[in-house]
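The chain contents come next:
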Amino acid sequence: MDFRQLRQFVVLATELNYRKAAARLHMTQPPLSVAIKRLETEIGADLFERDRLGVRLTVAGGAFLREAKRLLDGADAALQAARDAAEGRKGTLRVCAVPSAALALLPRVLPAFAQRFPHIRLRLTSGSTVGILAALQRGELDAAFLVPPASGVPGIAMTALPREPLALAVPANHRVAGMRCARLSDLTDDALVTLAHSDSPGFAGEILAACQRAGFHPRVLQESSHALISLPLIAAGLGVAIVPAALRRIAIDNVAYVDLADESGMPLSYAMALAAHAESMNPAVRWFIDTAREVLGAQAEPDPPSVRRAGKNG
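Read on for an overview of the structure. Computed from a predicted model, the values in this text were never measured in an experiment.

What counts as what
Residues numbered from 1 in each chain as written. Predicted model: local features only at pLDDT ≥ 70, side-chain atom pairs only at ≥ 80, totals over all residues. Heavy atoms only, no water. Axes fitted to C-alpha atoms, helices over the stretch in contact; angles between N-to-C directions. Helix = DSSP H or I, 4+ residues; strand = E, 2+ residues; numbered from the N terminus. Parallel < 35°, antiparallel > 145°, perpendicular 65-115°, else oblique. Contact = heavy atoms within 4.5 Å. Nonpolar A, V, L, I, M, F, W, Y, C, P; charged D, E, K, R; others polar. Pairing = 2+ DSSP bridges. 1 Å grid on protein atoms, 1.4 Å probe; cavity = no way out; pocket = protein on both sides within 12 Å on 5 of 7 lines; lining within 4 Å. Points joined across faces, edges and corners; volume = space filled by probe spheres on them. Salt bridge = Lys/Arg side-chain N within 4 Å of Asp/Glu carboxyl O. Polar contact = N/O pair within 3.5 Å; in protein donor to acceptor, adjacent residues only side chain to side chain.

**Observations concerning the packing of helix α1 (residues 3-15) against helix α3 (residues 29-43)**
Contact pair α1 / α3: the axes reach a minimum separation of 10 Å and the direction vectors enclose 110°. With respect to α3, the element α1 is oriented roughly perpendicular. Listed contacts from α3 to Q5, Q8, F9 and L12 of α1 are L32, A35, I36, R38, L39 and E42. Split into classes, the residues belonging to the contact of α1 with α3 amount to six nonpolar, two polar and two charged.

This is how it looks when you write it as structure tokens:
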């Protein structure tokens, strides 16, 4: 017995007419009659009653019809599930983000992605750029929002995203706390709380370069593993911090946020990227990158990773 025989039986049981059933099955009546007889012989019971009035299901035929439909529905569901998984429309996608991206980018990308691909389960985590890149290389993550390092990372492909704005976080009683916008030169005499270079070299490097362009080398007295941890240090009066503007969403006692500009008055910003393993075997990565590029207006270059599609080897 195979699924072809089951489908022939279900169509005949639905039509109760050999001519109509054969037409639906795109075959002639004699082969259909032979196939049904062979099925009845294999089962050991008559499935149909045949007389001059037509064709009717027997009690055995009615019982067999219910199970045959269930088996065919299950087979169709299995085929569709396999196709969806192969195309990346079903399965699991492991996404990580640095804290600022979790506040500013994920809330924009995830609703659109979930609406388009409701059967993909998302597993979200947060971490530092260095830790994220290592996890991507080990195959423990599928995609990640991070601050790109100055140089490329072997095996990792980056999709450049629009730059994100920076802000200044200061104690509430700081001299610039009431200003609408501060300039980097206003921080010459301040101790700076920065992200540790070992955790986010790209972000730390951008801050250092911006300060040097403003004519000073920052006096760093405190380092933190990520931007959120900087805020309690600021609240304690241990310095000021140049942070992603997305952190304005985090209200903490004794911390004020101020817009930040360079010496020409241009708002300061930092680079963001969507990273993935260059040879990812998860086809959902492509859909996620495409959605992020559309929603965030990501740059066309550099290209996203050459994710292996179903039926391709890479």
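**Some thoughts on the pairing of strand β2 (residues 54-57)**
For a regular strand, side-chain orientation follows a simple rule: the groups alternate between the two sheet faces. Bridge count between strand β1 (residues 48-51) and β2: four bridges; the pairing is antiparallel. When the sheet's bridge partners are listed, R50 is paired in β2 with V55.

**A closer look at empty space enclosed by the protein**
Using the criterion set out here, one finds two cavities of 30 Å³ or more in the structure. Its boundaries defined by the atoms lining it, the second largest cavity holds a volume of some 60 Å³. Counting only elements with at least two residues in the lining of the second largest cavity, the list comes to β8 (191-195), α8 (201-213), α9 (227-235) and β10 (241-244). Ranked by residue count, the leading element in the lining of the second largest cavity is β8, at four residues. Here the lining of the second largest cavity is composed, by residue class, of nine nonpolar, two polar and no charged.

**A closer look at the pattern of salt bridges**
One pass over the structure, following the stated rule, counts eleven salt bridges. Across the salt bridge formed by R50 and E40, the nearest N and O atoms sit 3.1 Å from each other. Within this pair, whereas R50 is found in strand β1, its partner E40 is found in helix α3, the two being separated by ten residues in sequence. In this structure, D142 engages R94 in a salt bridge whose closest nitrogen and oxygen atoms are separated by 3.1 Å. With D142 in the loop between α7 (129-137) and β5 (143-146) and R94 in strand β3 (residues 91-97), the pair connects residues that are 48 residues apart, well separated along the chain.

**Focus: the side chain of T129**
Mapped onto the secondary structure, T129 falls in helix α7. Within the structure, T129 has its side chain in polar contact with the backbone nitrogen of V147 (distance 3.3 Å). If we ignore the near neighbours within four places in the chain, the residues touching T129 are V98, L146, V147, D199 and S200.

**Re unusual backbone geometry**
Non-glycine residue L16 carries a positive phi angle of around 50°. Within the secondary structure layout, L16 lies in the loop between α1 and α2 (18-24). Positioned with a positive phi, N254 is a non-glycine residue whose angle comes to about 70°. Summarising the element assignment, N254 is placed in the loop between β10 and β11 (255-261).

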